[in-house]
Amino acid sequence: MEKSPGDGVIMELYKGPLADSLSHVSMFIKEYLEVGHERTFLPSFYADWYSKYASFPVQKDDTWVVTYPKSGTTWVQELVWCLINDPKSPEAELELMKRFPFFEIESLISPDFDKSLLREDDPMNSGNSWRILQELPAPRSIKSHLPKALLPEQIWQVKPKVVYVCRDPRDVCVSYYYHHVKLEGYAGTFNQFVDFFLADKVTYSPIWSHILTFWKMRHEEHILFLRYEDMKKDLAAIVRQVAGFLGKEVDEEQVAWLVHHCSFGEMSKNLAVNNETFMSASSEAAQKLKFMRKGTVGDWKNHLTEEQQKAFQAWTLKCLEGSDFPYYQDYD
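Note that the structure is predicted; figures quoted are calculated from it, not measured.

Novice: Describe the overall build of the chain, with residues and values.
Specialist: Helices and strands together make up the secondary structure of the chain, namely 15 helices and eight strands. Put simply, the chain shows about 15,100 Å² of open surface, and 49% of that area lies on carbon and sulfur atoms.

Novice: Let's hear about the pairing of strand E3 (residues 32-35): which residues, and what values?
Specialist: Where burial is concerned, the two faces of E3 agree: the one with Tyr32 and Glu34 and the one with Leu33 and Val35 are both buried. Pairing of strand E2 (residues 11-13) with E3 involves three bridges; the strand directions are antiparallel. What sits directly across from Met11, in E3, is Val35. Alignment of E3 against strand E4 (residues 40-43), held across four bridges, turns out to be antiparallel. In the sheet register, Leu33 faces E4, and the bridge partner there is Leu42. What sits between E3 and E4 in their antiparallel hairpin is a turn of four residues, with Gly36 showing a positive phi close to 75 degrees.

Novice: Give a detailed account of the pattern of salt bridges, specifying residues and quantitative values.
Specialist: Scanning the model with the defined rule gives 14 salt bridges in all. Among the salt bridges present, the one from Asp330 reaches Arg170, with a minimum N-O distance of 2.8 Å. Taken together, the residues Asp330 in the segment after helix H15 (306-319) and Arg170 in helix H7 (residues 169-184) connect sequence positions 160 residues apart. In the salt-bridge network here, residues are joined through shared partners; they are Glu12, Glu34, Arg39 and Lys201.

Novice: Quick one: what's the story with H15, residue by residue and with numbers?
Specialist: Between the first and last C-alpha of H15 there are 20 Å, a value that for 14 residues agrees with the 20 Å anticipated at 1.5 Å per step. If you check which residues of H15 are buried, you get Gln308, Phe312, Trp315 and Thr316. Here the buried residues of H15 occupy an arc of 100 degrees about the axis, which is enough to place them on one side. The outward face of H15, more than 90 degrees from its buried face, is lined by the exposed residues Glu306, Glu307, Lys310 and Lys318. Turning to H15, the residues buried within the fold contact H7, helix H8 (190-198) and helix H9 (207-216).

Novice: I'd like a rundown of H9, residues and numbers included.
Specialist: By the criterion of burial, H9 is predominantly enclosed, with eight of the 10 residues buried. Where H9 is concerned, the buried positions are Ile207, Trp208, His210, Ile211, Leu212, Thr213, Phe214 and Trp215.

Novice: Explain the nonpolar core to me, using residue names and the numbers behind them.
Specialist: Counting residues in each nonpolar core, the largest one holds 76 residues, and the members touching the most others are Tyr46, Trp64, Phe103, Phe197, Trp208, Phe312 and Phe325. Those residues in contact with Phe325 that lie beyond four places of it in its chain are Cys166, Trp208, Ile211, Leu212, Trp215, Phe225 and Leu320.

Novice: Break down the sheet that holds strand E7 (residues 161-166) for me, citing the residues and quoting the values.
Specialist: Ordered in space as E6-E5-E7-E8, the four strands form an open sheet in which the pairing is parallel. Because the sheet does not close on itself, it has two edges, and the strands there are strand E6 (141-144) and strand E8 (223-227). Adjacent strand axes in the sheet meet at a mean angle of 20 degrees when their direction is disregarded.

Conventions used here
- Residues numbered from 1 in each chain as written.
- Predicted model: local features only at pLDDT ≥ 70, side-chain atom pairs only at ≥ 80, totals over all residues.
- Heavy atoms only, no water.
- Helix = DSSP H or I, 4+ residues; strand = E, 2+ residues; numbered from the N terminus.
- Areas by Shrake-Rupley, 256 points an atom, 1.4 Å probe, with all protein chains shown as cover.
- Buried < 20%, exposed > 50% of the residue type's maximum accessible area, 1.4 Å probe, protein only.
- Pairing = 2+ DSSP bridges.
- Salt bridge = Lys/Arg side-chain N within 4 Å of Asp/Glu carboxyl O.
- Expected span 1.5 Å × (residues − 1).
- Arc of directions from axis to C-beta.
- Contact = heavy atoms within 4.5 Å.
- Core = buried A, V, L, I, M, F, W, Y, C linked by side-chain atoms within 4.5 Å.
- Axes fitted to C-alpha atoms, helices over the stretch in contact; angles between N-to-C directions.

In structure tokens form, the structure reads like this:
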């Protein structure tokens, strides 16, 4: 499968040496595309949605939260939503994906997937999230994991607020592995998953170009670049920073309330945001895992072998050549 630049973007079906192994990574995905100049790794059925996504009408008062997966997305979504809306309103009790829709979720699930396994109103049920996007009243809050090049073209013309969050790729890799076990039915080993991650052959990779593109844009007025680690270190400061970026005034009582509400302990037991309503894979390993598992910094030290740490270091330094990005290079 290949589309020419005249169709908007180059898409090639991945047929590399990992193709057979990757067909077992997700119960939803059997084949993958490499999309665009950055070779973004996406499910084969993304091609059916590309035009809709590229031409999606963007509004000036939108707020987009954009991340590579497992980088604190849900955490930031809830904070942003509570700053824009009334966090004590009945709407705050709705599942996050119904009030802060996942832009491209339909392109992650095979059209052939057995929908009887999902609730009729489940945002993961094909067409539901796209309908929510069309009906969402302004000001809209929208989440995406797509890299800059594949986001709606109007974002860069209309320039709504975009909050971007990055996280140490080593911790992302660990969290993404557990995500695949719980939600994607992955039954391979952690070591195999690390190999896929370092080869940039997991959905939404490559992570470094994803991060660095927004890092280069961090001084633009409509972009706020955050780090997961800074949120863990001083959430109150981040609450004030995000509020200022969104043009919202918050007093110290509101800051304290948001810090408590958005703490890992509170969010992990909040059914509206902890994503425990998602369908889990049927394996025993999946059933034992929580979507919000640890929320810690440096968990990679408990998982990566010395050899894997060296592989991450070489990969990181190669990807950061010529960049002024100063983080995640500590390997002492």
